[in-house]
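Examining the three-dimensional arrangement
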Amino acid sequence: MAHLLKTISKRSIFVMVREKGKMLHGRTFNIQFFEDKTLNNSISVGFTATKKLGTAVKRNKAKRIMRELARKVIAKYGEINSYYVLIAKKPIFEIPFRSQEIELKELIS
């Protein structure tokens, strides 16, 4: 069942997730995860693509890929009342999308 996805927009929430949450490491991205009971039966997702990835065009592409992954995988398999922050790594451009879906599903399960 798909849950309501909200986008994290405030820096303070990104910092809170980094400090209080746990980090999951993958090949194409890392995930910071924090469970918060104050969310109203929703899942909040944030996306980070640093300058290490390359130009603005590449960073935007990485964010588009991660948004689609979140829509397909986290909305379906993510825990309700949780924050997820996806952090892109360079292999995100080389590994096929289907493999990334499988990796994300395994990481959040």
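Right, let's walk through the structure included here. (Residues numbered from 1 in each chain as written. Predicted model: local features only at pLDDT ≥ 70, side-chain atom pairs only at ≥ 80, totals over all residues. Heavy atoms only, no water.)

Moving on to the side chain of Ser-42. Its place among the elements puts Ser-42 in the loop between β3 (29-35) and β4 (43-48). For Ser-42, a relative accessible area of 0% translates into the label buried. Look past the residues within four positions of Ser-42 in its chain and what remains in contact with it is Leu-4, Lys-6, Ile-80, Asn-81 and Ser-82. (Helix = DSSP H or I, 4+ residues; strand = E, 2+ residues; numbered from the N terminus. Buried < 20%, exposed > 50% of the residue type's maximum accessible area, 1.4 Å probe, protein only. Contact = heavy atoms within 4.5 Å.)

Turning next to the environment of Leu-104. Locating Leu-104 in the fold gives a position in helix α3 (residues 97-108). What makes Leu-104 buried here is its relative accessible area of 0%. Sequence spacing of Leu-104 and Ile-74 is 30 residues, and the spatial spacing of their C-alpha atoms is 8.1 Å. Excluding its chain neighbours within four sequence positions, the residues that come into contact with Leu-104 are Phe-29, Ile-31, Leu-69, Val-73 and Ile-74.

With that out of the way, let us pick up the nonpolar core. Grouped burial of nonpolar side chains is what soluble globular proteins tend to show. Judged by nonpolar contacts, the single largest core of 23 residues is most densely connected at Ile-31, Ile-74, Tyr-84, Leu-86 and Leu-104. When residues of this core are traced back to their parent elements, those giving at least two are β3, β4, α2 (56-77), β5 (82-88) and α3. The element that contributes the greatest number of residues to this core is α2, accounting for seven residues. Formed by eight residues, the second largest nonpolar core is a distinct cluster that contains Ile-8, Leu-39, Val-85 and Ile-87. (Core = buried A, V, L, I, M, F, W, Y, C linked by side-chain atoms within 4.5 Å.)

Across the six residues that make up β4, a large majority, five, are buried. Where β4 lies against β5, six bridges are found, and the strand directions are parallel. Paired with Ile-43 across the strands is Ser-82, a residue of β5. Between the parallel elements β4 and β5, the chain passes through α2 in a crossover that is left-handed. (Pairing = 2+ DSSP bridges. Right-handed = clockwise from strand over helix to strand, strands pointing away.)

What the rule picks out here adds up to three salt bridges. A salt bridge links Glu-35 to Lys-37; the nearest nitrogen and oxygen atoms lie 3.0 Å apart. On the basis of relative accessibility, which here comes to 35%, the residue Glu-35 falls in the partly exposed class. Overall, Lys-37 belongs to the exposed group, its relative accessible area being 63%. Note that Glu-68 is salt-bridged to Arg-71, the shortest N-O span being 2.5 Å. With Glu-68 and Arg-71 both in helix α2, this residue pair falls three residues apart, about one helical turn. (Salt bridge = Lys/Arg side-chain N within 4 Å of Asp/Glu carboxyl O.)

Spatial relationships are all this shows, so hold off on functional conclusions.
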